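Chain residues, written in single-letter form:
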Amino acid sequence: MSMQSPITEYLADIIAATNHVDSGAVADYIPELGAADPNLVAVAMSTVNGTVYASGDAEHRFTIQSMSKPFAYALAIETHGLETVLDRIGVEPSGEAFNELSLDPETGKPRNPMINAGAITTHSLIGDDEDACVDRMLALFSRLAERPIEIDEVVAASELETGDRNLGLAYLLHASNALRQDPRTVVTGYIRQCAASVNVRDLALMAATLANGGVQPNTGERVFSRMGTRHLLSVMTSCGMYDAAGDWLTTVGIPAKSGVAGGIIGVLPGQVGVAVFSPRLDAHGNSARGVEMMKLLSDDLGLHLMEASRPARSSLRETRTTSVDGRPATVYVLQGDLVLSSIESLVRELIDNPPPTELVVFDMSRVDEVLPVARRTSAETAAKLIDEGHQIALIDPENTIPGFRDSHGRAVERWTSEHMDATDR
Ligand code: GLU
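This is a predicted model, so every value here is computed, not measured.

Trainee: What is the right way to read the site of the ligand from this model?
Mentor: Lining the immediate surroundings of the ligand are Y29, Q65, S66, F98, N116, E159, N166, Y190, C194, Y242, G259 and V260. Within the side chain of Y29, a nitrogen or oxygen atom sits 2.6 Å from an oxygen atom of the ligand. Relative to its unbound accessible surface of 300 Å², the ligand loses 99% to contact with the protein. Class assignment for the residues of the shell around the ligand results in 6 nonpolar, 5 polar and 1 charged.

Trainee: Just checking my understanding: could you explain the sheet that holds strand β8 (residues 272-277) for this structure?
Mentor: Sheets are built from strands paired through backbone hydrogen bonds, the pairs being either parallel or antiparallel. Strands sit in the order β3-β2-β8-β7-β6 across an open sheet of 5 strands; the sheet is antiparallel. Edge positions in the sheet fall to β3 (52-56) and β6 (256-258), since each of these pairs with one other strand and no more. Recorded for the sheet is a direction-independent mean angle of 10° between the axes of neighbouring strands. The pairing of strand β7 (residues 263-268) with β8 spans 6 bridges and is classified as antiparallel. Paired with G266 across the two strands is V274, which belongs to β8. Along the sheet, helix α12 (residues 288-301) contacts β2 (42-47), β7 and β8; its crossing angle with β8, the most-contacted strand, is approximately 150°.

Trainee: What is the right way to look at the sheet that holds strand β11 (residues 327-338) in this model?
Mentor: What the 5 strands build is an open sheet, ordered β10-β11-β12-β13-β14; its pairing is mixed. If you trace the sheet from one side to the other, it starts and ends with β10 (316-324) and β14 (413-415), each paired once. Neighbouring strand axes in the sheet, compared pairwise and without regard to direction, differ in orientation by 30° on average. Bridging between β10 and β11 involves 8 bridges; their strand directions are antiparallel. Paired with R320 across the two strands is V331, which belongs to β11. Most of the contacts of helix α13 (residues 340-352) go to β11, to which it runs at about 160°, and overall it touches β10, β11 and β12 (359-370). This element, helix α14 (residues 372-387), spans β11, β12 and β13 (391-395) of the sheet and lies at about 175° to β12.

Trainee: Whenever I open this one, helix α1 (residues 6-17) confuses me. Can you help?
Mentor: Residues separated by three or four positions in an α-helix point in the same direction, a consequence of the helix having 3.6 residues per turn. Along its 12 residues, α1 runs 16 Å from first to last C-alpha, staying within 8% of the 16 Å computed at 1.5 Å per residue. When we look at burial in α1, the residues that qualify are P6, I7, T8, E9, Y10, L11, I14 and I15. Looking at the packing, one finds that the buried side of α1 touches β2, β3, α12, α13 and α14. Where α1 starts, the residue carrying a side-chain oxygen 3.0 Å from the main-chain nitrogen of I7 turns out to be S5.

Trainee: Please clarify how the nonpolar core should be interpreted in this entry.
Mentor: Looking at soluble globular proteins, one finds that nonpolar side chains tend to be buried together. Counting residues in hydrophobic clusters, the biggest one holds 61 residues, and the most contacted among them are F71, F141 and L203. Per element, the largest residue contribution to this core is 8 residues, and it comes from helix α5 (residues 130-145). Judged by nonpolar contacts, the second largest core, of 29 residues, contains Y10, V252, M293 and L297.

Trainee: Explain helix α8 (residues 183-194) to me, please; I cannot follow it from the model alone.
Mentor: With 12 residues, α8 ought to run about 16 Å at 1.5 Å a step, and its terminal C-alpha atoms sit 16 Å apart, in line with that. Along α8, 9 of the 12 residues are buried, which leaves the element largely enclosed by surrounding structure. Burial in α8 covers these residues: P183, V186, V187, T188, G189, Y190, I191, Q193 and C194. Here the buried face of α8 lies against β4 (62-63), α2 (68-80), α4 (116-126), α5, α6 (153-161) and α7 (164-175). Its side-chain oxygen 3.1 Å from the backbone nitrogen of R184, D182 forms the N-cap of α8.

Criteria and thresholds
- Residues numbered from 1 in each chain as written.
- Predicted model: local features only at pLDDT ≥ 70, side-chain atom pairs only at ≥ 80, totals over all residues.
- Heavy atoms only, no water.
- Near = heavy atom within 4 Å.
- Polar contact = N/O pair within 3.5 Å; in protein donor to acceptor, adjacent residues only side chain to side chain.
- Areas by Shrake-Rupley, 256 points an atom, 1.4 Å probe, with all protein chains shown as cover.
- Nonpolar A, V, L, I, M, F, W, Y, C, P; charged D, E, K, R; others polar.
- Pairing = 2+ DSSP bridges.
- Helix = DSSP H or I, 4+ residues; strand = E, 2+ residues; numbered from the N terminus.
- Axes fitted to C-alpha atoms, helices over the stretch in contact; angles between N-to-C directions.
- Contact = heavy atoms within 4.5 Å.
- Expected span 1.5 Å × (residues − 1).
- Buried < 20%, exposed > 50% of the residue type's maximum accessible area, 1.4 Å probe, protein only.
- Core = buried A, V, L, I, M, F, W, Y, C linked by side-chain atoms within 4.5 Å.

From the geometry alone we can't say anything about function, so treat these as descriptive.
Written out as structure tokens, the structure is:
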């Protein structure tokens, strides 16, 4: 089969389907961010086995901004233990904008680590001085993304010049003894943390590490503890999308974090990390087109946490070679729900080990449900097989994939299981 994976083509479709979304405006409170090309767009995803799929301006680098906050928080927890961190930073959604000048009136603590007050406090917990904090964060990003991550010094310098609000917050925190270093030092470090330069591929891998319970899928390194990761994902779920958290949870329904450069990461525990990028922001400070892309991904991939959970085992139960009417055939026996992670491993198998026979049979008798992403991906896969000279047949007694055609609209033969039994046993 040709090299372009149907999953990559699916991601290209997500970009095409949101082409019309041009609302919102590029953030310009950091002057350098205002210079971004508003038409850039990218999407990437990584399954928990570490394969990254990406489409659009996937190599374009932008600053991580607030998407750094969850990783800093997780690192603070690994460093000091959860209790110490909870003593200093709450876990309640604030319903406020990211840079609100507020602390919880009862506790005097930042309400959560995803708004700036909490993130600045978190940053100060990472190390003993500015360089140590920033170096630890960069080292962490690099381990997660599997390449050396650096700071975009132009954006960092630009934000430092306009960082009055964050400085104000830091002085407020300092006044209540929440910071380990002086306010200027912490804000400089925090702004540099936010200016780490990444692309959607990096972010998808970083998110996939969280989806994988804290273990980087490719290196196998345990970066965060299982409990720390669970705690972080809970906080991302309730507080990750600023004052749009409720709308986000009901429509997209996965732990997520956005940044003002236009990125959003999302995590479906046990399955996948996703990342989208488009610089124009909505009134909440979240990427407008990014939110639309995430909604589509969530619907198609069945990502919403409150959907009945679908075990992410492989959809390929077994592969058999047999003969039908005297012709050699390869039979793929599929099982369970065809969700993103299960269909992904099947498609990869078909690309890595193309079927050796002209006749290819997909036995869907044991399949329960086929999600939209699996249907689209299967249609593309079928088209590739047919284009390469294969003949395809489906055994689908429960009609789990009604009216199935390949992505060029060609009908696919349907056989009954008797058809097989009569001929090959
Ligand atoms: N560096 C930005 C700030 O603190 C991050 C904001 C964001 O991405 O939401 O203002």
